[in-house]
Amino acid sequence: MLNAIDRRNFLMGLAAAGGAAALAASPVRTARAATPAAAAAPGTPVAVPRARNVVLVHGAYADGSCWQEIIPRLQQAGLNAAAVQNPLQSLAEDCAFTQRILDLQDGPTVLVGHSYAGMVITQTGVHPKVSALVYCSARGPDANEDYTALAKTYPTPPASAGLVHGGGVAWLSEEAFLRDFAGDVDPAKARVLYAVQGRVSDTLFTGKVTQAAWRSKPSFYQVSAQDRTINPDLQRFMAKRMNATTIELPSSHLGIISHPQEIAALILQAAGAA
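Parameters and conventions
- Residues numbered from 1 in each chain as written.
- Predicted model: local features only at pLDDT ≥ 70, side-chain atom pairs only at ≥ 80, totals over all residues.
- Heavy atoms only, no water.
- 1 Å grid on protein atoms, 1.4 Å probe; cavity = no way out; pocket = protein on both sides within 12 Å on 5 of 7 lines; lining within 4 Å.
- Points joined across faces, edges and corners; volume = space filled by probe spheres on them.
- Helix = DSSP H or I, 4+ residues; strand = E, 2+ residues; numbered from the N terminus.
- Nonpolar A, V, L, I, M, F, W, Y, C, P; charged D, E, K, R; others polar.
- Salt bridge = Lys/Arg side-chain N within 4 Å of Asp/Glu carboxyl O.
- Pairing = 2+ DSSP bridges.
- Axes fitted to C-alpha atoms, helices over the stretch in contact; angles between N-to-C directions.
- Contact = heavy atoms within 4.5 Å.

Draft legend 1. Layout of the layout of surface pockets. What the largest pocket holds in volume is close to 580 Å³. For the lining of the largest pocket, the secondary-structure elements that each account for two or more residues are helix H5 (147-151), strand E5 (163-166), strand E6 (169-172) and strand E7 (200-201). Ranked by residue count, the leading element in the lining of the largest pocket is H5, at three residues. Split by residue class, the lining of the largest pocket holds 17 nonpolar, nine polar and three charged.

Here it is, written out as structure tokens:
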């Protein structure tokens, strides 16, 4: 295990290494109007504000280095990218960390969340600088909704059985991480991501959002069809409920690592740059 890894240097180094990667076209669809607040009919096209900034929020069992394949592609396209480093101890604290990064942006900003971070962007996405939301195989709860109860209406994903608990925190075992979290990622890279995974508080998932930014902001969703961490049918339900522009990829939960071209293209579309 790479206990001595400095997360910031690790992320910057990997991003620089990938900077020459080319950005390919992706099968994304026209942006759709946000639901109830916009009072638009389902599927009504809406203009997406042009944004030059992207804030990326990692989920549970991860850290900011999970965006290592996405960041260089956004930078190559001329966007400013910033990755939040969530403590993963409470939803409120993670939202506060994200809020601070949003406050530092100099204009319209696309807010992107992976996995559990869908909770964070749903809560903080009402920030006036946020122009659009992008959910990457992410939670997308409604205001005051019990996400855990919602998830239990779908078959339990295999990754849940791989949780290890100790000292008030939880993490994924190496076997579960490689098989159920990063199943389509090169094993050598997946082991590094396993080593830097963020430990989550045992009470992290008890938090509820009090507002749903996807009801008032243009939203985009990437479904991972081979996800063993969040049920793909649950992802489809959340994407449909938020009336999101949606793409579906044959990926594991870490599509942001295994399919960066397509996801970067979706983020660019959300930024009005595609």
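From this point, the discussion proceeds with the structure in view.
Draft legend 2. Representation of the pattern of salt bridges within the structure. On inspection of all chains with the given rule, the structure shows eleven salt bridges. Where Asp-106 meets Arg-52, a salt bridge forms, and the shortest distance between an N and an O atom there is 3.5 Å. Pair noted here: Asp-106 is in the loop between helix H3 (91-103) and strand E3 (109-114) and Arg-52 is in the loop between helix H1 (7-17) and strand E1 (53-57), with a separation of 54 residues, a long-range link. Of the charged contacts in the structure, one is a salt bridge between Glu-69 and Lys-189, with a shortest N-O distance of 2.6 Å. Note that Glu-69 is positioned in the loop between E1 and helix H2 (71-76) and Lys-189 in helix H7 (residues 187-195), a separation of 120 residues in sequence.

Draft legend 3. Up close: the sheet that holds strand E4 (residues 130-136). Taken in spatial order, the six strands line up as E2-E1-E3-E4-E8-E9 in an open sheet, and their pairing is parallel. Looking at the sheet topology across the chains shown, the edges are occupied by strand E2 (80-84) and strand E9 (245-249). With strand direction ignored, the average angle separating the axes of adjacent strands in the sheet is 15 degrees. With six bridges connecting them, E3 and E4 associate as parallel partners.

Draft legend 4. How the structure looks around unusual backbone geometry. Phi is positive for Ser-115, which is not a glycine, with a value near 60 degrees. The topology assignment puts Ser-115 in the loop between E3 and helix H4 (117-124).

Draft legend 5. Geometry of the environment of Leu-234. Relative to the helices and strands, Leu-234 is located in helix H8 (residues 232-241). Between the C-alpha atoms of Leu-234 and Ser-137, which are 97 residues apart in sequence, the distance is 9.6 Å. When near neighbours in sequence (up to four residues on either side) are disregarded, Leu-234 contacts Tyr-147, Leu-150, Ala-151 and Tyr-154.

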